[in-house]
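Listed below, chain by chain, are the residues.
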Amino acid sequence: MRVAVIGVPMDLGGRRRGTDMGPSAIRYAGLGEALRELGHDVVDLGNIPVAIRETRTVGDPRAKFLDEIVQVCEELARWVEDAVRGGRLPIVLGGDHSVAIGTVGGLVRARPDLGVIWLDAHGDFNTPETTPSGSVHGMPLAAIVGRGHVKLVQCCGIAPKVCEERTVLVGVRDLDPGEKEALRHAGVRVFTMKDVDEMGIAAVMRKAIEIASDGGREGVHVTMDLDVVDPGYAPGVGTPVPGGLTYREAHLAMEIIAESRRMVSLELTEVNPILDQGNRTAVLAVGLVASALGKTIL
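Residues numbered from 1 in each chain as written. Predicted model: local features only at pLDDT ≥ 70, side-chain atom pairs only at ≥ 80, totals over all residues. Heavy atoms only, no water.

Structural notes on the overall build of the protein
Then, number 1: In terms of regular secondary structure, the protein is built from 11 helices and 8 strands.
Then, number 2: For a compact globule of 298 residues, the expected C-alpha radius of gyration is about 19 Å, and the protein comes in at 17 Å, within 12% of that figure.
Then, number 3: Oriented by its inertia axes, the alpha-carbon framework of the protein measures out at about 50 × 40 × 40 Å.
Then, number 4: A burial count over the protein gives 58% of its 298 residues as buried.
Then, number 5: Put simply, of all contacts in the protein between residues at least 6 apart along the chain, 76% involve residues at least 24 apart.
Then, number 6: Just so you have it, the protein exposes about 11500 Å², and 50% of that area is on carbon and sulfur atoms. (Helix = DSSP H or I, 4+ residues; strand = E, 2+ residues; numbered from the N terminus. Rg over C-alpha atoms; globule rule 2.2 N^0.38 Å. Buried < 20%, exposed > 50% of the residue type's maximum accessible area, 1.4 Å probe, protein only. Contact = heavy atoms within 4.5 Å. Areas by Shrake-Rupley, 256 points an atom, 1.4 Å probe, with all protein chains shown as cover.)

Listed below in structure tokens is the structure:
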């Protein structure tokens, strides 16, 4: 497989500093080496330029650093589109999860029939009207399906970027009141941790792939906020929530994605080295990428 690694050192979308160092932490944990050992052709394209938040003003308190985030996502979309058109599978390293707006925007320019599997402890389905914090990293899933601030929705020139019926949220366990109500009435398929507990992660992931790939006919973008994993295994995230996926559940989810052969791009977000323990979360991220790209136990 021909792979392109793209870093997005951004923490403008979150409340806590540190996710801007996520791409460096994942690279330091040996991402390139792990993928080359699997036989993949890997090129690292470097990092998207991102403003440092101390040099900017918050702007709209309901969508903080909005213009700066849109600018980064527009640039990221160009890099992702170029990678796809060049025959490479993009691996995007966040950064906070608002980067997904740019990743998906670039993907759908090259692959319009795209589904999305969104692995996250949170819904990321807020809008400026429902957000309790004004943090844009709580809004990207809503934005890619056409809900929220017009600048986010129309970012990258496509709106909506993905239809709700081919969007699947997995592992959620912490929803704000407004996004909970919105998700109840949306076409997005939601598998909460209760569903994972009852059905098992294997059944959940196979159903998610079926929905997002439209029965196996189309490609799927997989985006993972590392807080989907229980903080006992992934402590270095911006907004940890107890009760997440175990180490093996997370790897099994990625292994099933690899077996499906439907994944056309992969994104890892919200790794925060400031809050981590010995780079454990970045090391886990590297292992999960390897599992998604074909590493097996036997």
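Side note on helix H4 (residues 100-110)
Then, number 1: A large share of H4 lies buried, amounting to 9 of its 11 residues.
Then, number 2: Three or more residues of H4 are buried, namely Ala100, Ile101, Gly102, Thr103, Val104, Gly105, Gly106, Leu107 and Val108.

Some words on the side chain of Thr167
Then, number 1: Within the element layout of this structure, Thr167 appears in strand E5 (residues 167-172).
Then, number 2: Sequence-distant contacts of Thr167, that is, excluding residues within four places in its chain, are made with Val116, Leu141, Val145, Val162, Val188 and Arg189.

Concerning the side chain of Glu270
Then, number 1: Residue placement: Glu270 occurs in the loop between strand E8 (263-269) and helix H11 (280-292).
Then, number 2: Within the buried core, Glu270 has no salt-bridge partner, and the shortest N-O distance to an opposite charge, that of Arg16, equals 9.2 Å.
Then, number 3: In this structure the side chain of Glu270 is engaged in a polar contact, spanning 2.8 Å, whose partner is the backbone nitrogen of His97.
Then, number 4: In this structure Glu270 touches Thr19, Gly95, Asp96, His97, His137, Asp225, Gly236, Val237 and Gly238, once residues within four positions along its chain are discounted. (Lys, Arg positive; Asp, Glu negative; His and termini not counted. Salt bridge = Lys/Arg side-chain N within 4 Å of Asp/Glu carboxyl O. Polar contact = N/O pair within 3.5 Å; in protein donor to acceptor, adjacent residues only side chain to side chain.)

Details of helix H10 (residues 247-260)
Then, number 1: Here H10 spans 20 Å end to end across 14 residues, near enough to the 20 Å set by a 1.5 Å rise per residue.
Then, number 2: Elements that come into contact with the buried residues of H10 comprise strand E4 (114-119), helix H9 (201-212), strand E7 (219-225), E8 and H11.
Then, number 3: Looking one or two residues beyond H10, the residue adopting positive phi is Arg261, at roughly 60°. (Expected span 1.5 Å × (residues − 1).)

Quick word on the packing of helix H3 (residues 66-85) against H4
Helix packing for two helices is described by the angle between their axes and how far apart those axes are.
Then, number 1: Taken N-terminus to C-terminus, the directions of H3 and H4 make an angle of 40°; their axes are 7 Å apart at the nearest point. Judged by the angle between their axes, H3 and H4 are oblique. Of the two elements, H3 crosses H4, and the hand of that crossing is right-handed. The residues of H4 that touch H3, namely those facing Cys73, Glu74, Leu76, Ala77, Arg78, Val80, Glu81, Val84 and Arg85, are Ile101, Gly102, Thr103, Gly105, Gly106, Leu107, Arg109 and Ala110.
Then, number 2: Grouping the constituent residues of the contact of H3 with H4 by class yields 8 nonpolar, 4 polar and 5 charged. (Axes fitted to C-alpha atoms, helices over the stretch in contact; angles between N-to-C directions. Parallel < 35°, antiparallel > 145°, perpendicular 65-115°, else oblique. Left-handed = near helix turned anticlockwise from the far one by under 90°. Nonpolar A, V, L, I, M, F, W, Y, C, P; charged D, E, K, R; others polar.)

As for the pairing of E5
Then, number 1: Counting buried residues along E5, 6 of its 6 residues qualify, which places the element largely inside the surrounding structure.
Then, number 2: Relative to E5, E4 runs parallel, the two sharing 4 bridges. Bridge pairing in E5 links Ile117 to Val168.
Then, number 3: Inspection of the sheet shows E5 paired to strand E6 (residues 189-192) by 4 bridges, in the parallel sense. Its bridge partner lying in E6, Leu169 is registered against Val190.
Then, number 4: Each parallel crossover has a hand, and the one from E5 via helix H7 (residues 177-185) to E6 is right-handed. (Pairing = 2+ DSSP bridges. Right-handed = clockwise from strand over helix to strand, strands pointing away.)

Side note on the pattern of salt bridges
Then, number 1: For the structure on display, the rule yields 19 salt bridges.
Then, number 2: Between Arg184 and Glu181 there is a salt bridge, with its nearest N and O atoms 3.1 Å apart. Here Arg184 and its partner Glu181 are both found in helix H7, 3 residues apart, which amounts to about one turn of the helix.
Then, number 3: Residue Lys194 pairs with Glu198 through a salt bridge whose shortest N-O separation is 2.9 Å. Of this pair, Lys194 and Glu198 both sit in helix H8 (residues 193-199), 4 residues apart, which is roughly one turn of that helix.
Then, number 4: Judged by relative accessible area, Lys194 falls into the exposed class, the value being 54%.

This is a description of form; function is not addressed.
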